[in-house]
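Observations on the model geometry
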Amino acid sequence: MTTTVEQGPLEDLVIYIEAIENAENAASRRAAFNDMQQDLQLVNRLAGLDEDGQAELARLLNRLTNPTLRVATASRQYNTSITRARRSLQQQRVNAAVERLTETDRVIDATQLPANLLEQVAQFVVPGGYDMSLDGVYKLSVRGDGEINRTMVCPRIILITGQGKDSKTGAIQTTVSWVESGSPVTGAPRWKSKTLGREQVFDSKKLIALSGLGAPITSIDVSDVVRWLRDFEQANAERIPIVNGTTRLGWQADGSFMLPDMHIKLPEHQTLTLFPPDGFREVARGWCRSGTDETVDEEWENWLTTWDTASHHPIMSIMVYASVASILLEPLARVGGEVPTPFIVDLSGRTSTGKTTAQRLAASVWGYPDESGGIISKWNTTIVGTERLAGFLHHLPLFLDESKSADYKRVSSIIYSLCNGRGRTRGDTSNRLRATATWRNCTISTGEKKITQFSKDGGTTARAICLDGRPILGTVAEGIVAARRINTGALTNYGHLGRRVATYLVQNPGSWAELKDRWIREKNDYSEFAAGNVGARLSGYAALLSLAKSICEALGLPKPNIDPIETLLKSIRTGSVASDRASEALNQCISWCDGNAYRFIGTFENVQTKRQHENFGRWDSQKSGYKGLYIRTNIIVGKLRDWGFDYDEIVPQWKSRGWLITGKRENSFTTNVRVTGNRGGSIGCVCIRREVIENLTVITASDTGALPKVYVDVPGSSDTLHVELGDSGN
């Protein structure tokens, strides 16, 4: 094997060595050696020899160790000088390599990415210490000999391509993009993106979730990817676009209104970008309008044709107005004074009566009105999921279909949460409190049972307008035709009425106070027709729907053929009687006592029975002028709980209405009486007055038939319950 060496410096060295070897005397030999030592350029050239050259150098210098030459020591010193020069040269190479690695102005160019990928990231630079191409991202390091090592970070490019700042909370959203490999199906490589909270991007345990979307991350290299993204963000701090944005739909702090496909704002409002929370990007797509900017007028006219059919049916109209009224809550709240609260409009009835059609029409006010890919959700969901969805919609209506499909207890908890407008406080795995979702909107629900039957909470029943009966009037054949027209129209043309109303409210903030005054006036007027405190509260929601009706008509929505507000008020009157929980509980209690009369000392049934049993209390119904019905406290507490009521809520109301005989203390709800015959001491009991038992008449929403107007007076009550159940002429 022939070895090729660098001849230049070695050839010069041979000349010097031969001069030393051929010198005539010691003085001449030292002079020749000094000439070689002083040739510093030669030293540096010899230091740059490769391995083969260094071997030849060693052989040549070995000639100088000949004892006859007497320069062996000087020869070793000369070799040491060459070694030092070699180390210095090597360090220069390392420094040069490090300098190349630490450059931060290496713009991403066509040598790294094809044109279709380069266009979106051409403004960025590759941070020092890294290299990237379609083959992946590499971490660069310098070997001891000055050569550069390339260690793979990930097999495909992944970058931070955008950031957004929530205009309300200040939270940073970060868009991570990666190259998705091409295939016969997808074609050429392309970018795929996902927006996450910044804290998720720089947490390896959370970033790994992107692997499920195809990102080039594994549990093995995720820590290296996090470091790469950190360095990339730092190098491109002034290049990564940062936009103001929001993570919620509806009203924004500056008075603008956010929808997935448009930001409705005034010129002085900053432009916001929507950053849907994790899992809500698909949800957001449903809240868009049909058609294009060029066809929007045609789409609106087509939806009005659908409205022309639906407006012949009052419940259909009510559902549309409820959908619009949802976004009125926030402007009225911002004016100050009385604040309207979240509420529910519930449509119940047997299957195939038009409930889903009515809900689709209401949903078409804002977006695609369907369960699949649209904005209608099912009741069969988790409490956390519903809270997150309501928080994302914020002021837009929440559509929930088929309450029967969900767990009874879960529905009750969801109803309570929706009416409060705030989710539960929860922690995360790091023992930190999560942000609590809030909302102020209307929930539009359908099911076979009234929503109030799932919850006995008084606050809930006072925030739910319950509509029952057939949403589509007329014969069965007429109903089928109308339902088909409404469904087809709603699924084809949608999202236009809501945007018209939102645009009007954004452009006319000065009208909010006037709208608030009108709402209060109508609420006070409607409360005169309602029954009790519950009805008065529900009348506020009726006034909201009436206000929505007026705004819609001012914006070009024709008046319904039948006034739906009258139907709405009748539902509220009926519902408010059913929502009088104190009367409902009292009626249940007396009915149960009557059915178990043999368990009460003093009744005829108790005297006649021969069975041994525990007495529930005392009821001297056989004696004229008896004071009342005594029920042992532990018994009434348990029975109220079984019926879905709370003792501490109901019994104080009974006392405040004068229905109880109690002890002398102001905060006493019981009195003592002997309930074990002639022997034994007295025991604490809740005592219902005889006059209440004899005179109380409770009308419930289930009472039907042809009846005249009924006015029910409860002795000692400050409220008179009013409900119109039918026409006396029948």
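Because the structure is predicted, anything quoted here is derived from the model rather than measured. (Residues numbered from 1 in each chain as written. Predicted model: local features only at pLDDT ≥ 70, side-chain atom pairs only at ≥ 80, totals over all residues. Heavy atoms only, no water.)

This next bit is on the overall build of the chain. Scanning the chain from N- to C-terminus turns up 27 helices and 26 strands. Counting across all 730 residues of the chain, residues that qualify as buried make up 48%. In the chain, the share of contacts with a sequence separation of at least 24, taken over all contacts with a separation of at least 6, comes to 65%. Only carbon and sulfur atoms are counted for the fraction: they give 47% of the accessible area of the chain, which is about 35,200 Å². (Helix = DSSP H or I, 4+ residues; strand = E, 2+ residues; numbered from the N terminus. Buried < 20%, exposed > 50% of the residue type's maximum accessible area, 1.4 Å probe, protein only. Contact = heavy atoms within 4.5 Å. Areas by Shrake-Rupley, 256 points an atom, 1.4 Å probe, with all protein chains shown as cover.)

To continue, consider the sheet that holds strand β16 (residues 398-401). A sheet is described by the order of its strands in space; here five strands give the open sequence β15-β16-β17-β14-β18, paired in parallel fashion. Two strands in the sheet have a free side with no partner beyond their single neighbour: β15 (376-378) and β18 (464-468). Taking each pair of neighbouring strands and ignoring which way they run, the sheet shows an average axis angle of 25°. Where strand β14 (residues 343-348) and β18 come together, five bridges link them in parallel fashion. By the bridge assignment, V345 is partnered in β18 with I465. (Pairing = 2+ DSSP bridges. Axes fitted to C-alpha atoms, helices over the stretch in contact; angles between N-to-C directions.)

What follows is about the packing of aromatic side chains. Counted under the stated rule, the structure contains 19 aromatic pairs. Centre to centre, the rings of F343 and Y541 are 4.6 Å apart; their planes meet at 10°, and the pair counts as stacked. Here Y541 lies in helix α21 (residues 532-554) and F343 lies in strand β14, a separation of 198 residues in the sequence. We classify F343 as buried; its relative accessible area is 1%. On the basis of relative accessibility, which here comes to 4%, the residue Y541 falls in the buried class. An aromatic cluster of at least three residues, connected via ring pairs, comprises W592, F600, F616, W619 and W643. Across the ring face of Y138, the terminal group of R150 is positioned such that the distance to the ring centre comes to 4.1 Å. (Phe/Tyr/Trp six-rings, centres within 6.5 Å; stacked < 30°, edge-to-face > 60°. Lys NZ or Arg CZ within 6 Å of the ring centre and 35° of its normal.)

Let us look at the nonpolar core. Core analysis: the largest hydrophobic core is formed by 94 residues, its most contacted members being F257, W303, W366 and L497. In terms of residues, this core owes the most to one element, α21, which gives ten residues. Once residues lying within four places of it in the same chain are set aside, the contact partners of L497 are W300, W303, V320, V324, V365, C552 and L557. Within the second largest apolar cluster, 33 residues are counted, among which are L196, V201, A215 and V225. (Core = buried A, V, L, I, M, F, W, Y, C linked by side-chain atoms within 4.5 Å.)

Right, let's get into the pattern of salt bridges. By the definition in use, this model includes 24 salt bridges. D620 serves as the salt-bridge partner of R618, at 3.1 Å between the closest nitrogen and oxygen. As far as burial versus exposure is concerned, R618 and D620 are alike and both buried. Its salt-bridge partner being K639, residue D642 comes within 3.8 Å of it at the nearest N-O pair. With a gap of three residues between them, D642 and K639 both fall in helix α25 (residues 633-642), about one helical turn apart. (Salt bridge = Lys/Arg side-chain N within 4 Å of Asp/Glu carboxyl O.)

Here we have five strands laid out as an open sheet, ordered β8-β7-β6-β9-β13, and mixed in their pairing. The strands lining the two open edges of the sheet, one partner per strand, are β8 (190-197) and β13 (273-274). Bridge count between strand β6 (residues 158-166) and strand β7 (residues 172-180): seven bridges; the pairing is antiparallel. Counted as the bridge partner of L159 is S177 from β7.

The element β14 is largely enclosed, with a buried count of six among its six residues. Residues F343, V345 and L347 line one face of β14 and the alternating positions I344, D346 and S348 line the opposite face, and both faces are buried.

What follows is about unusual backbone geometry. Positive phi, normally seen in glycine, also occurs at R70, with a value near 55°. When you line up the elements, R70 lands in the loop between α4 (51-62) and α5 (72-101). Positive phi, normally seen in glycine, also occurs at H394, with a value near 65°. Within the fold, H394 resides in the loop between α15 (383-393) and β16. Note on H394: relative accessible area 10%, which makes it buried.

Among the residues of α25, I635, I636, G638 and L640 are the ones counted as buried. Packed against the buried residues of α25 are α23 (581-595), β21 (628-632), α26 (647-656) and β24 (683-689). G644 sits one or two positions beyond α25 and adopts a positive phi of about 90°.

Let us now look at the environment of L46. Structurally, L46 is set in helix α3 (residues 40-47). Residue L46 is classed as buried on the basis of its relative accessible area, which comes to 0%. Placed 34 residues apart in sequence, L46 and D12 show a C-alpha to C-alpha distance of 9.9 Å. Setting aside anything within four residues of it in sequence, one finds L46 in contact with P9, L10, L13, L57, Y78, I82 and R86.

Here the focus is the packing of α25 against α26. Here α25 crosses α26 at 115°, and the two axes come no closer than 10 Å. Both α25 and α26 take part in a crossing whose hand is right-handed. Contacts between α25 and α26 involve T633, I636, V637 and L640 on the former and, on the latter, Y647, V651 and W654. Per-class residue counts for the contact of α25 with α26 are six nonpolar, one polar and no charged. (Left-handed = near helix turned anticlockwise from the far one by under 90°. Nonpolar A, V, L, I, M, F, W, Y, C, P; charged D, E, K, R; others polar.)

Before going further, it helps to examine the packing of helix α11 (residues 296-310) against helix α18 (residues 476-492). At a minimum axis separation of 9 Å, α11 and α18 run at an interaxial angle of 155°. By the angle between their axes, α11 is roughly antiparallel relative to α18. Where α11 crosses over α18, the handedness of that crossing is left-handed. Contact residues: α11 offers E299, T306, T309 and A310, while α18 offers A482, R485, I486, G489, A490 and T492. Residue classes in the contact of α11 with α18 are distributed as four nonpolar, four polar and two charged. (Parallel < 35°, antiparallel > 145°, perpendicular 65-115°, else oblique.)

This next bit is on the environment of R485. Along the chain, R485 falls in helix α18. Between the C-alpha atom of R485 and that of T305, which follows or precedes it by 180 residues, the distance is 9.3 Å. For R485, the residues in contact, after removing those within four places along its chain, are T306 and T309.

When you line up the elements, T309 lands in helix α11. We classify T309 as buried; its relative accessible area is 17%. Excluding residues within four positions of it along the chain, T309 makes contact with A482, R485 and I486.

A few words on the confidence of the model for the chain. Residues with a pLDDT of 70 or more make up 85% of the chain, whose mean pLDDT is 83. Ranking the elements of the chain by mean pLDDT puts strand β25 (residues 709-713) last, at 28, and helix α19 (residues 497-507) first, at 96. For the stretch residues 1-6, pLDDT sits under 50, and the model shows six contacts to residues farther than four places along the chain or on other chains. In the model, residues 697-730 has pLDDT below 50 throughout and makes 59 contacts with residues more than four positions away in sequence or in other chains. (pLDDT = per-residue confidence, 0-100.)

This part covers the side chain of S546. Along the chain, the position of S546 falls in helix α21. Beyond its immediate chain neighbours, meaning those up to four positions away, S546 contacts E522, Y526 and I565.

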